[in-house]
Amino acid sequence: MTPIVAIVGRPNVGKSTLFNRLTRTRQALVDDLPGVTRDRLYGRAKIEGRAVTLVDTGGFDPPADQAFAAEVHAQIELAMEEADVILCLADGRAGLTPQDQEVARYLRRANKPVVWAVNKVDGPNLEDAATEFYSLGVDHLFFISAAHARGVPELLETLAELLPPEEDDEARGGLNEVRLALVGRPNVGKSSLVNRLTGQDRVVVSDVPGTTRDAVDTPLEVAGKRYLLIDTAGIRRQGRVNRGLEKAGVFRSLRAVERAHVGAVLIDASEGVTDQDLRLAGHVLDSHRALIVVVNKWDVLAGDEYRKEILLKELEQALRFAPWAPLLFMSAKTGQGVNKLLPMVDQLFAEYNQRISTGQLNQALTGITEHHPPPMLKGKRLKIYYGSQVASQPPTVVLMVNDPTRVHFSYRRYLTNELRRALGLTIAPLRLIFRGKREGKGQGRRP
């Protein structure tokens, strides 16, 4: 799972500006008016090459007349509780305030690693004045300007050192347990499927959407094989997600995908394919997890061949971005087709862990590029020197090339499809990474 870094501090110190810079988005609203941010806002970022989840929070001690002041504090506490590292910002232009001292006292009780940074320090003169923040009892301060990136690289180096170590799969239970996350919109039958697979009422099932508020783990053993079923909260499209508990449940559902090996996206056969279904499938793939698309409530269409045909065409069109992903039709309510799920998970998990020898990979690569050489791009041709697998889960191949910018998207797609075929990957994803390599200096093709 990606580590979480929570950005906290009093109002209007630049938390959202730093959040936007690190996530390379304009996701957080930035304004000179204190108290603009109220809810927790989540975003993806890279810190020293490692993926992290950033959390932007509202300011401590919002103005007394500000609406939702109690809710803002609750959101901050939740963010700090789930964070691995806390990054606290202060305002170098405003100087040290009693609010900063209150924040410091509060963070000493957090029992989490805390990094202190003084923001809006745009030059040496301001840096000299900002040393007054050492009176908070802080061992080290970073003087930064989130707006201009001054001092941010040094800050990120320290944050990277405080992140929890990356766990390999063996440390998390290894290959002895397959973790299957069930994700989907509210009321598509995720909890019913867990109960059907376990043969027990392990989780509450209701016709009321949103009954499941958090990810629920259910161990399962079938024929000597161990599984962990992760039932998640239903995820509505962003504009319809309510504040508070539901928003927190959605975030935990998305995080549950990251600790799974396989993500099963459930679709309601009676409603057809929605944009939100496709977003969730895309999230599974963006998280580099194996994907299964499960069409539940198939019994609702029994005897209606016309609606079945329409749905099949919808699925074929909608899933063109992952045509290799297995597609299962079932009814968790009646049990129809449910017995096909775990065998498919086993097959997918085996491919997801597949290792490919360098010789086998490069032999396949030679045949693929000879059959269809890379096209010319801006008068120059891409050269592929060799490839090697650097990881599994999913199989990840690095291709050394003369210039990664010459990889046209259509040729990337061709290479991916042909390598999948050559390497026997029928239902698992394949990840390709192109890295540049200078020609000459004895860096020719590997023997």
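This is a predicted model, so every value here is computed, not measured.

Peer 1: Would you mind going over the nonpolar core in detail, with residue names and values included?
Peer 2: Membership of the largest hydrophobic core comes to 29 residues, with the highest contact counts inside it found for Leu180, Leu193, Leu197, Ile292, Leu341 and Val345. Going through the elements one at a time, β7 (177-184), α6 (190-198), β9 (225-231), β10 (262-268), β11 (290-296) and α10 (341-352) are the ones with two or more residues in this core. In terms of residue count, the dominant contributor to this core is α10 (seven residues). Discounting chain neighbours no more than four positions away, the residues touching leucine 341 are Leu180, Leu193, Leu197, Ile292, Val294, Leu328 and Met330.

Peer 1: How would you explain helix α8 (residues 275-286) if you had to name every residue and give the values?
Peer 2: The first and last C-alpha atoms of α8 sit 16 Å apart over 12 residues, in line with the 16 Å expected at 1.5 Å per residue. By the burial criterion, the buried members of α8 are Gln276, Asp277, Leu280, Ala281, Gly282, His283, Val284 and Leu285. Trailing α8 by a residue or two, histidine 288 shows a phi angle of about 60°, which is positive.

Peer 1: Can you break down the sheet that holds strand β6 (residues 141-143) residue by residue, with the values?
Peer 2: Read across the open sheet, the six strands follow the order β2-β3-β1-β4-β5-β6; overall the sheet is mixed. One side of each edge strand has no neighbouring strand; the edge strands of this open sheet are β2 (41-47) and β6. This sheet shows a mean twist of 30° between the axes of neighbouring strands, independent of strand direction. Contacts between helix α5 (residues 152-162) and the sheet are confined to β1 (4-9), β2, β4 (85-91), β5 (114-119) and β6, with β5 contributing the most and set at about 170° to the helix.

Peer 1: Give me the lowdown on helix α9 (residues 305-318), citing residues and values where you can.
Peer 2: For α9, built from 14 residues, the straight-helix expectation of 20 Å at 1.5 Å per residue is met to within 8% by its first-to-last C-alpha distance of 20 Å. Among the residues making up α9, those that are buried are Lys308, Leu311, Leu315 and Ala318. Down the axis of α9, the buried set is contained in an arc of 100°. They therefore lie on one face. Across α9 from its buried face, at more than 90 degrees, point the exposed residues Glu305, Tyr306, Lys313 and Glu316. Buried positions along α9 lie against β10, α8, β11 and β12 (327-329).

Calculation notes
Residues numbered from 1 in each chain as written. Predicted model: local features only at pLDDT ≥ 70, side-chain atom pairs only at ≥ 80, totals over all residues. Heavy atoms only, no water. Core = buried A, V, L, I, M, F, W, Y, C linked by side-chain atoms within 4.5 Å. Buried < 20%, exposed > 50% of the residue type's maximum accessible area, 1.4 Å probe, protein only. Helix = DSSP H or I, 4+ residues; strand = E, 2+ residues; numbered from the N terminus. Contact = heavy atoms within 4.5 Å. Expected span 1.5 Å × (residues − 1). Pairing = 2+ DSSP bridges. Axes fitted to C-alpha atoms, helices over the stretch in contact; angles between N-to-C directions. Arc of directions from axis to C-beta.

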